[in-house]
Amino acid sequence: MDTCGKNYPTLRKLKVLFNQLYEYAMKYEICNKDYSAYVDIAKHKDRNPNKNDRKPFSKKESALLWEQKGNEYVQIVLMLIYSGVRVSELLNLKKENVDLENHCFDVVKSKTDNGIRKVPIADKVFDFYKARYDDSSKYLLHTDTGEKFTYRNYYDSYWKPVMELIGTEHHRPHDTRHTCISMLTKAHVDQTTIKKIVGHSGAMSLTERVYTFKTQLEYNVFQ
């Protein structure tokens, strides 16, 4: 656990697994002591080995993406950049949770509780959402057969070719999230609103949610 190089959320999952394994082993008398109780991961709480690898797309790279905006898989990258959502949140997005009339969508399944939120659809990428709304799949983004993307399928078959198209290999899907945060910051959007948009905020009351969502739409910083 100390030397595997994983970040804190992954270590936490590993410890839960160890706890379950020892619980099973003790139940069936495979061992008589729970050694997982002595695993201390608190000291690694701030460890994030991938942090330095997460870099926003440069202006040049963003311009190259817009030059290829007719490519439907480039469009997905732009949808990620201009929403700030995690790639899993966009791949899981169902059309029933997309509100084209009000230019927003609901994230109903997320990595964290804070990630359950409304996300405004930026004007620059609105047509990309609209174009995907009328086919037969229940998912907004899907494979050629209408099935939901798995992360590995999306990354290997669609993300990597787009990165090769614009001449870069170092970007990962999470970089789109950092790009969105960077763009909002440069547009002088306050940090509280940015956290609400990308799902980093704490619990909010209904009034706060409504106020924040209206504020998000009013910024319109991506035009």
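Remember, predicted model here, so these are calculated numbers, not experimental data.

S.K.: Describe a positive patch on the surface, listing the residues and the values that go with them.
M.R.: Together, Arg12, Lys13, Lys45 and Lys111 make up a region of like positive charge exposed at the surface. With respect to the helices, strands and loops of the structure, Lys13 is situated in helix α1 (residues 8–27). Owing to a relative accessible area of 61%, Lys13 belongs among the exposed residues under this scheme.

S.K.: Describe helix α3 (residues 72–81), with residues and values.
M.R.: Counted residue by residue, α3 has nine buried out of 10 residues, so it is predominantly covered. Looking at α3, one finds that the buried residues are Tyr73, Val74, Gln75, Ile76, Val77, Leu78, Met79, Leu80 and Ile81. Packed against the buried residues of α3 are α2 (59–67), α4 (87–91), α5 (126–131), α6 (151–165) and α7 (174–186). Two or three places before Tyr73, at the opening of α3, Asn71 has a side-chain oxygen 2.8 Å from that residue's backbone nitrogen.

S.K.: I'd like to hear about the packing of aromatic side chains, residue by residue, with values.
M.R.: With the rule as written, the count across this model stands at 12 aromatic pairs. Aromatic side chains Tyr24 and Tyr28 sit 4.8 Å apart centroid to centroid with 45° between the ring planes, which places their arrangement in the tilted category. On the basis of relative accessibility, which here comes to 48%, the residue Tyr28 falls in the partly exposed class. Here Tyr73 and Tyr158 contribute two aromatic rings whose centre-to-centre distance is 4.4 Å and whose plane-to-plane angle is 45°, an arrangement assigned as tilted.

S.K.: Describe in detail the sheet that holds strand β3 (residues 117–120), supporting the description with residues and values.
M.R.: The antiparallel open sheet is built from three strands, whose spatial order is β1-β2-β3. At either margin of the open sheet sits one strand with a lone partner, and together these are β1 (98–99) and β3. Bridge count between β1 and strand β2 (residues 104–107): two bridges; the pairing is antiparallel. In the strand pairing of β2, Asp99 is matched with Cys104.

S.K.: An account of α6 is requested, with residue identities and associated values reported.
M.R.: When the terminal C-alpha atoms of α6 are compared, their 20 Å separation across 15 residues agrees well with the 21 Å that a helix rising 1.5 Å per residue should span. Helix geometry: α6 is bent most strongly at Trp159, by close to 35°, with proline Pro161 lying one to four residues after it. Residues of α6 that are buried: Tyr154, Tyr155, Tyr158, Trp159, Val162 and Met163.

S.K.: Explain the nonpolar core residue by residue, including any values.
M.R.: Leu65, Val77, Leu90, Phe105, Tyr129 and Tyr154 are the most contacted members of the largest nonpolar core, which totals 37 residues. Elements that contribute at least two residues to this core include exactly α3, α4, β2, α5 and α6. Here this core takes eight residues from α3, the largest share from any one element. Every residue in contact with Tyr154, bar those within four places of it in the chain, is listed here: Ile76, Val77, Leu80, Val87, Leu91, Phe149 and Trp159. By size, the runner-up hydrophobic cluster in this structure holds six residues, among which are Val189, Ile194, Ile197 and Val198.

S.K.: Report on a nonpolar patch on the surface, specifying residues and quantitative values.
M.R.: A contiguous nonpolar surface patch, about 370 Å² in accessible area, is contributed by Tyr24, Tyr28 and Ile30. Counting through the fold element by element, Tyr24 comes out in helix α1.

S.K.: Help me get a handle on unusual backbone geometry, residues and values and all.
M.R.: In the Ramachandran plot, Glu29 falls in the positive-phi region, its phi being about 60° despite a non-glycine side chain. Mapping Glu29 onto the fold places it in the loop between α1 and α2. In this model, His103 sits at a positive phi of 55°, which is unusual for a non-glycine residue.

S.K.: So, the side chain of Arg86: which residues are in play, and what are the values?
M.R.: Secondary-structure assignment places Arg86 in the loop between α3 and α4. According to the relative accessible area criterion, Arg86 is buried, its value standing at 11%. Excluding its chain neighbours within four sequence positions, the residues that come into contact with Arg86 are Leu80, Ser110, Lys111, Thr112, Gly115, Arg117, Arg177, Val198, Gly199 and His200.

Criteria and thresholds
- Residues numbered from 1 in each chain as written.
- Predicted model: local features only at pLDDT ≥ 70, side-chain atom pairs only at ≥ 80, totals over all residues.
- Heavy atoms only, no water.
- Patch = residues over 30% accessible without salt bridge, like charges linked within 9 Å, V, L, I, M, F, W, Y side chains within 5 Å.
- Areas by Shrake-Rupley, 256 points an atom, 1.4 Å probe, with all protein chains shown as cover.
- Salt bridge = Lys/Arg side-chain N within 4 Å of Asp/Glu carboxyl O.
- Lys, Arg positive; Asp, Glu negative; His and termini not counted.
- Charge placed at Lys NZ, Arg CZ, Asp CG, Glu CD.
- Helix = DSSP H or I, 4+ residues; strand = E, 2+ residues; numbered from the N terminus.
- Buried < 20%, exposed > 50% of the residue type's maximum accessible area, 1.4 Å probe, protein only.
- Contact = heavy atoms within 4.5 Å.
- Polar contact = N/O pair within 3.5 Å; in protein donor to acceptor, adjacent residues only side chain to side chain.
- Phe/Tyr/Trp six-rings, centres within 6.5 Å; stacked < 30°, edge-to-face > 60°.
- Pairing = 2+ DSSP bridges.
- Expected span 1.5 Å × (residues − 1).
- Bend = angle between axes of the 7 residues up to and from the residue.
- Core = buried A, V, L, I, M, F, W, Y, C linked by side-chain atoms within 4.5 Å.

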